[in-house]
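Residues per chain are reported as follows:
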Amino acid sequence: MQKIAPIVGLLSIAILLSFLLSWPVMILWNSCLVGAVTGINQIEWMQAWGINLLAGFLFKDSVSTK
C-alpha cells in the first residue's frame, strides 16, 4: 500500500494540472475564436481539456537529444 500511494498522488496531481492548463484554452477559444470566425461555437471545460490533450498528442516533441 505504501508503494501505491505516491503513484496515486502523482497521477492525481498530473490530472489536476492537465485540467488547470485546459482553462486558458477554453478562455482563449471562447473570447477570441467565437467572435472572429463564423460557425465556431463556445466550448466547455471538458472540451477544452480534450483539445489540449489532442494538441499534446499531435505536436509532441519526438526528437531526442543526447
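Just so you know, these numbers come straight off a predicted model, no measurement behind them.

S.K.: Residue-level account of the overall build of the protein chain, with values.
M.R.: Scanning the protein chain from N- to C-terminus turns up 2 helices and 0 strands. Counting only C-alpha atoms, the protein chain reaches 55 × 35 × 15 Å along its principal axes. With the model as given, the accessible surface of the protein chain reaches about 5900 Å², and the carbon-plus-sulfur share is 72%.

S.K.: I'd like a description of helix 1 (residues 4-36), backed by residues and values.
M.R.: For helix 1, which comprises 33 residues, the first-to-last C-alpha distance of 48 Å matches the rise-based estimate of 48 Å (1.5 Å per residue) to within 8%. Its maximal kink placed at W29, helix 1 deviates by approximately 30°. Of the residues making up helix 1, those classed as buried are S22, M26 and N30. As for helix 1, its buried residues are in contact with helix 2 (45-58).

S.K.: Lay out the packing of helix 1 against helix 2 in plain terms, naming residues and giving numbers.
M.R.: Where helix 1 contacts helix 2, the two axes come as close as 8 Å, and the packing angle between them is 105°. Compared by their axis directions, helix 1 and helix 2 come out roughly perpendicular. Of the residues in helix 2, those in contact with S18, F19, L20, L21, S22, W23, V25, M26 and W29 of helix 1 are W45, M46, A48, W49, I51 and N52. Of the residues in the contact of helix 1 with helix 2, the class split is 12 nonpolar, 3 polar and no charged.

S.K.: Tell me about the side chain of S22, and name the residues and values.
M.R.: In this structure, S22 sits in helix 1. Polar contacts involving the side chain of S22 include one to the side chain of W45, which spans 2.7 Å. S22 has contacts with W45, A48, W49 and N52, leaving out every residue within four places of it along the chain.

S.K.: For a nonpolar patch on the surface, give the residues involved together with the corresponding values.
M.R.: The grouping of L53, L54, F57, L58 and F59 at the surface amounts to a nonpolar patch, some 600 Å² of accessible area in total. Mapped onto the fold, L54 is located in helix 2.

Parameters and conventions
Residues numbered from 1 in each chain as written. Predicted model: local features only at pLDDT ≥ 70, side-chain atom pairs only at ≥ 80, totals over all residues. Heavy atoms only, no water. Helix = DSSP H or I, 4+ residues; strand = E, 2+ residues; numbered from the N terminus. Areas by Shrake-Rupley, 256 points an atom, 1.4 Å probe, with all protein chains shown as cover. Expected span 1.5 Å × (residues − 1). Bend = angle between axes of the 7 residues up to and from the residue. Buried < 20%, exposed > 50% of the residue type's maximum accessible area, 1.4 Å probe, protein only. Contact = heavy atoms within 4.5 Å. Axes fitted to C-alpha atoms, helices over the stretch in contact; angles between N-to-C directions. Parallel < 35°, antiparallel > 145°, perpendicular 65-115°, else oblique. Nonpolar A, V, L, I, M, F, W, Y, C, P; charged D, E, K, R; others polar. Polar contact = N/O pair within 3.5 Å; in protein donor to acceptor, adjacent residues only side chain to side chain. Patch = residues over 30% accessible without salt bridge, like charges linked within 9 Å, V, L, I, M, F, W, Y side chains within 5 Å. Salt bridge = Lys/Arg side-chain N within 4 Å of Asp/Glu carboxyl O.

From the geometry alone we can't say anything about function, so treat these as descriptive.
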